[in-house]
Amino acid sequence: MQNWRDEKNEFSILMLPPAFWLVTFFTLPLVVVWVYSFGNRGPLGETNLGFTLVNYVRAFELVHMAILWKTVWITIIVTALCFAFGFPMAMAISFAPGKWKLRLLMLVILPFWTNLLIRTYAWIAILRPRGILNGGLKWIHDTWYSLIGYGVEEIPKFVPWEILYNDKAVVIGLVYVHIPFMILPIYATMEKLDKSFLEASLDLGSSQMRTIFRVMMPLCMTGIVSGAMLVFVLTLGNFIVADVLGGTNSLMIGNQIARQFGAARDWPFGAALSFVILYATFILLWLRSIYAARLEQRDAKR
Amino acid sequence: MTQSIAIKIDGVSKRYGRNVLAVDHAKFDIKEGEFFTLLGPSGCGKTTLMRMIAGFETLTEGTIEICGQDMHGVPPNKRPVNMVFQSYAVFPHMTVAENLAYGLQIDKLGKSEIEKRVKDGLEMVRMSQFSDRRPNQLSGGQRQRVALARALIKRPKVLLLDEPMSALDAKLREEMQVELVTLQHEVGITFVVVTHDQQEALSMSDRVAVIEGGVVRQIATPSELYEHPKSKFVADFIGKMTTFPGKHRGDTNAGSKIEIPHFGEFQCREIVTDSPDLVVGIRPEKIEVRRREPEGDVIKMRGKVKNIMYCGGENHVYVDVDGHEIVAYLQNETRGFHEKFQVGDDVWSYWELNDVVVLDH
Amino acid sequence: MLNKPNHGVSRRTFLQGTAAVGVSVSVGSKPAWAQEDIVNVYNWPTYIGETTIETFEETTGTRVRYDLFASNEELIGKLSAGNPGYDVVVASDYAVDLLRKQDLLLPLNYDLIPNGDHLEEGFRNPVFDPGRIYSLPHAISTIGTGFRKSEISREDASSWGIYFDNAILSGKKSLYDGSRLTMGIALQFLGYSVNTVEEKEIHEARDLLIAANEGILTFAPDSGQDLLAAGTVHAALEWSGDILQVMLEDDDLDFAVPKEGGLAWGDHWAVPTGAPHPENAMKWINHVWDPRVQAEIQNTIRYGTANAAAKEFINPDDVNSPVVYPPAEVWGKTEPIIDVGHANRLYDDAWTVIRSS
Ligand SMILES: Nc1ncnc2c1ncn2[C@@H]1O[C@H](COP(=O)(O)OP(=O)(O)OP(=O)(O)O)[C@@H](O)[C@H]1O
Ligand SMILES: [Mg+2]
């Protein structure tokens, strides 16, 4: 068999188109944005290239850091919820009988055929005071009171649950939008998982729950990690959901950046904000690798 | 000796969908302390039967009792049996010791008790020095031992093993067979082993159940199974057998009279059957071959050597008798007891009357 | 800053969003277009008459290629990167201002636009385009408060003050998710110009809005009329045209331009620099300024016209509606929003604080 290391020329020719693609459509825009981040905004909103750090100084102002901090928190909560709901869903699909599997998977993928904005708007119809959710709650409320013997007149007034236009709504919307990105990779690893590991765990006396936590989850870790990363990154950058479902103070860093490239027409500042997030991500990854290296060292000593 | 019953399988059937009948009215007992083997070709329902015992499949019909207790509705984690999986299913994210401890932690044992049992378990399968290794750092045989120890230290009433040797190479397989039997003697636990390897079944088991197409064909000790198979299927599946169609020509005081068309009639020493059509068979190592016509009370047939296969310890000689093929295994020794043959030689094949096995069909 | 109001007749909240995701019909190569007798029109979705294009093609023989965009920023972005081949575009007040100042517009050739004479006096000299050198109005409207009559009186609704008093309709009011517009009403309420560049005044408006946050349900991304119609809010900062639509379906809704002023809003035809067919562009503007064509447009999209001669052909209900055509004394107090240059940063920073506290 040939080794690609020995065939450097053929290999590099083969690699040329993808490399070109990557450079053109991934690296290049990133470089452009990076260059912008050192420019400044002209009086008419035009971008003047140059070298100034004012955009970064501004990005590190307390307001923006506070928004970033809040965004990270929301993102963590959303990722955790996506996992909490997505993992059992992936499990349900994975354990469903053959023909149901495909149908359930379709249900997970189906929302992608509809525009994100429309799907998010649909949540308004569900969550608003006279919406579907509160309609259902009101029905339960009324039915309950009439069941326990209240007359129609005496039933206490139903107070709608205020769950739209606040951070709760934003979290619900973000979880809804991103949960497929959690379910699909987990489902993929589960499908590959040898089911006899689970049977062995049960056979050794473990309950279903213990099997899920001690065997299923660790063995699906690659799927969980990639799902969590996808959800985290996508949520961090999302601005549509906070726009549509958020309250007066539900601003996320994505909205902030989107506004700079839109209405504020301050591309250099928007670019700097995006890069602050990128730098932060790199630093986190770097710290993580240091931590991993330490662990390895410790293991090696043992 | 009166042994109590470990597993009672009573009229058990398993249907998948409408068409697949994986197990068909199985009914037999497995005794306590027995090394019991389920043997059959691929797809005959061995695994299905075993998984029903372990509780991973529901029964379509019938009941399974373990130690006198009906297992209906009892989940796998509540059954007094443990299983060693075909793939071993040693948890890759745990060390060997953690794998062993996993099942014990459920039993609310003290920490030191768990440690002790894990240590003993590892010693039992001679894996002590590997306790901190991960499964991906172990060989197949080592992994199998981990799986074995993990199941055994739960001290189950019955240990189920699904094709425990199938992933091992021939040499290791033989070693492990010996080890497994020794271990079973040491711990005294009932072993139920699934295999499709008849050699393995014969060498390890106290009793073997031969299964074909979901139906249990015969349950017997290895020697009985080999010497007195009840059907052509069992005879063929366990070892090799030359068979002839036979006709039942009535019974005398001495026993049944049986005719092998074109080859003559012979008298059995007992009454073997009452059906008119039957099959007679003879094991290849019971057949002798020589050039001279044999004398005495034997069944003999004249033919031509068609083929000779050298197989190390013995030669397999194929003799053509009027279009009928007879296989004989002749010891390969140097003392010259056997004649040397060549293809095309005219020979007599013959065997003792006693060695003929009469099969139902 | 400002995003565009909903344009057109349908509930277009969805449409606008989908447009943002990419309605742009692909734009071919420039030379091929230039040779043809064609005009490339760039407009918002659902913001044209039903027969406008047809009648233009019939009367001039010039083919129309029609492309859509979703926000002024998209328009400005495309034009400042180099006109990809548009002949005539629709831009809001401040966008006209910005494009003009960046030399991205061609002066209109009024010799080819005789219908420009129909322009009403009051629209001849706007701050964003003094002397109407670069633009002619497409549609005009005001920004005020849409409200539910059974919940709040017209008198109360006629002041920006309702948004800053947390006791009034608490949690039942929506403002607009745009810094200049929403801060604009706070500035007007405080008695300042909506286009102020004074830091002190901007900060005052900011603090006023922060204090009001509690009583405001949400800063709606251009869906105030839907919130109003659904009963989610009872007062919404919105464009007159948008409220007019939900008023047709619900008698209990009305629109008021507050006594502090209200905001004037207009969208204007303009010809970008580098237009491949500038003459056809002038012909197009002349066509849409034909009184009958103009009337047909406004009868479809139901906004106001600045074309004096068109009014006699417009649906009398609309002509007489104070929502579409506010009385002169109201209109006189309204202010258009124009670009404030470097002070944009003050607005944006203030907005960030408002939206995160
Ligand atoms: N989940 C299932 N659905 C449908 N049919 C099944 C299922 N599991 C097993 N079968 C069928 O039941 C029959 C018995 O299968 P089983 O796995 O018990 O065979 P086996 O004897 O263990 O074979 P092998 O030696 O190949 O492991 C086979 O025909 C198989 O195709
Ligand atoms: Mg099997």
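Let us look at the structure shown here. (Residues numbered from 1 in each chain as written. Chains lettered and ligands numbered in written order. Predicted model: local features only at pLDDT ≥ 70, side-chain atom pairs only at ≥ 80, totals over all residues. Heavy atoms only, no water.)

## Focus on the site of ligand 1
Residues and elements named next belong to chain B.
Moving on, step 1. Taken together, Tyr16, Val20, Ala22, Ser42, Gly43, Cys44, Gly45, Lys46, Thr47, Thr48 and Glu163 are the residues near ligand 1.
Moving on, step 2. Gly43 has a polar backbone atom sitting 2.7 Å from an oxygen atom of ligand 1.
Moving on, step 3. The separation between an oxygen atom of ligand 1 and a polar main-chain atom of Cys44 is 3.1 Å.
Moving on, step 4. Across the complex, the protein chains shield 59% of the 630 Å² of accessible surface that ligand 1 would expose by itself.
Moving on, step 5. The set of elements that each furnish at least two residues to the shell around ligand 1 consists of strand E2 (20-31) and helix H1 (46-54).
Moving on, step 6. Looking at which element gives the most residues to the shell around ligand 1, the answer is H1, with three residues.
Moving on, step 7. Tallied by class, residues from the shell around ligand 1 come to four nonpolar, five polar and two charged. (Near = heavy atom within 4 Å. Polar contact = N/O pair within 3.5 Å; in protein donor to acceptor, adjacent residues only side chain to side chain. Areas by Shrake-Rupley, 256 points an atom, 1.4 Å probe, with all protein chains shown as cover. Helix = DSSP H or I, 4+ residues; strand = E, 2+ residues; numbered from the N terminus. Nonpolar A, V, L, I, M, F, W, Y, C, P; charged D, E, K, R; others polar.)

## What about the sheet that holds strand E15 (residues 288-290) of chain B?
Residues and elements named next belong to chain B.
Moving on, step 1. Strands sit in the order E15-E19-E16-E17-E18 across an open sheet of five strands; the sheet is antiparallel. The sheet is open, and its two borders are formed by E15 and strand E18 (324-331), each paired with just one other strand. For this sheet the average axis-to-axis angle between neighbouring strands, irrespective of direction, equals 45 degrees.
Moving on, step 2. In the sheet, strand E17 (residues 314-321) pairs with E18 via eight bridges, with the strands oriented antiparallel. Along E18, the bridge assignment pairs Glu314 with Gln331. (Pairing = 2+ DSSP bridges. Axes fitted to C-alpha atoms, helices over the stretch in contact; angles between N-to-C directions.)

## Remarks on the packing of aromatic side chains
All names here are of chain A.
Moving on, step 1. Applying the stated criterion to the full structure yields 32 aromatic pairs over all chains.
Moving on, step 2. Note on Phe83 and Phe87: the rings are 5.5 Å apart at their centroids and 50 degrees apart in plane angle, and the pair reads as tilted. Note that Phe83 and Phe87 are positioned in helix H3 (residues 62-95) at a spacing of four residues, about one turn of the helix.
Moving on, step 3. Relative accessible area serves as the criterion here: at 24%, Phe83 is assigned to the partly exposed category. (Phe/Tyr/Trp six-rings, centres within 6.5 Å; stacked < 30°, edge-to-face > 60°. Buried < 20%, exposed > 50% of the residue type's maximum accessible area, 1.4 Å probe, protein only.)

## Overview of helix H8 (residues 199-212) of chain C
Residue and element names in this part refer to chain C.
Moving on, step 1. Along its 14 residues, H8 runs 20 Å from first to last C-alpha, staying within 8% of the 20 Å computed at 1.5 Å per residue.
Moving on, step 2. What H8 keeps buried is the set Glu201, Ile202, Ala205, Arg206, Leu208, Leu209 and Ala212. Summarising the axial view, the buried residues of H8 lie within an arc of 160 degrees, below the 170-degree limit, and thus occupy one face. Exposed and oriented more than 90 degrees from the buried face of H8 are Lys200 and Ala211.
Moving on, step 3. Structurally, H8 contributes buried residues whose contacts are with strand E6 (173-176), helix H7 (179-190), strand E7 (216-220) and helix H15 (344-355). (Expected span 1.5 Å × (residues − 1). Arc of directions from axis to C-beta. Contact = heavy atoms within 4.5 Å.)

## Focus: the pairing of E17 of chain B
Residues and elements named next belong to chain B.
Moving on, step 1. Two strands pair when backbone bridges link them, and strand E16 (residues 298-311) and E17 are joined in this way by seven bridges, in the antiparallel orientation. Counted as the bridge partner of Tyr310 is Asn315 from E17.
Moving on, step 2. From the end of E16 to the start of E17, which pair antiparallel, there are two residues, and Gly312 there has a positive phi angle of about 75 degrees.

## What to know about the nonpolar core
Moving on, step 1. Membership of the largest hydrophobic core comes to 102 residues, with the highest contact counts inside it found for Phe87 of chain A together with Ile7, Leu38, Leu49, Leu160 and Val192 of chain B.
Moving on, step 2. The greatest single-element share of this core, amounting to twelve residues, is contributed by helix H7 (residues 167-192) of chain A.
Moving on, step 3. Leaving out residues up to four positions away in the same chain, Val192 of chain B has contacts with Ile7, Ile30, Phe36, Leu38, Met50, Val158, Leu159, Leu160 and Leu161 of chain B.
Moving on, step 4. Residues Phe123, Trp269, Ala270 and Ile354 of chain C belong to the second largest nonpolar core, which totals 87 residues. (Core = buried A, V, L, I, M, F, W, Y, C linked by side-chain atoms within 4.5 Å.)

## Focus on the layout of surface pockets
Where empty space is left can be seen by rolling a probe of water-molecule size over the atoms.
Residues and elements named next belong to chain A.
Moving on, step 1. A volume near 1,200 Å³ is recorded for the largest pocket.
Moving on, step 2. As for the largest pocket, its lining consists of 29 residues, of which Phe232, Val233, Leu236, Ile277 and Thr281 are closest to the centre.
Moving on, step 3. Sort the elements by how many residues they give to the lining of the largest pocket and helix H13 (residues 267-301) lands first, with ten residues.
Moving on, step 4. For the lining of the largest pocket, a count of residues per class yields 24 nonpolar, four polar and one charged. (1 Å grid on protein atoms, 1.4 Å probe; cavity = no way out; pocket = protein on both sides within 12 Å on 5 of 7 lines; lining within 4 Å. Points joined across faces, edges and corners; volume = space filled by probe spheres on them.)

## Some words on the side chain of Asp87 of chain C
Residues and elements named next belong to chain C.
Moving on, step 1. Here Asp87 shows up in the loop between helix H4 (72-80) and strand E3 (88-92).
Moving on, step 2. The side chain of Asp87 sits in the buried core without any salt bridge; Arg65 is the nearest counter-charge, 8.3 Å away.
Moving on, step 3. At a separation of 2.7 Å, a polar atom in the side chain of Asp87 contacts the main-chain amide nitrogen of Asn40.
Moving on, step 4. Here His277 takes part through its backbone nitrogen, which lies 2.7 Å from a polar atom of the side chain of Asp87.
Moving on, step 5. Contact partners of Asp87, with chain neighbours within four places excluded, come to Ile38, Val39, Asn40, Ala270, Val271, Pro272, Ala275, Pro276, His277, Pro278 and Ala281. (Lys, Arg positive; Asp, Glu negative; His and termini not counted. Salt bridge = Lys/Arg side-chain N within 4 Å of Asp/Glu carboxyl O.)

## Some thoughts on the environment of Ile238 of chain B
All names here are of chain B.
Moving on, step 1. Within the secondary structure layout, Ile238 lies in the loop between helix H8 (232-237) and strand E11 (242-251).
Moving on, step 2. Overall, Ile238 belongs to the buried group, its relative accessible area being 0%.
Moving on, step 3. Here the alpha-carbon distance between Ile238 and Ile53, two residues 185 residues apart in the chain, equals 25 Å.
Moving on, step 4. For Ile238, the residues in contact, after removing those within four places along its chain, are Leu39, Gln198, Leu202, Val210, Leu225, Tyr226 and Arg283.

The quantities given are spatial measurements derived from coordinates; they are silent on function.
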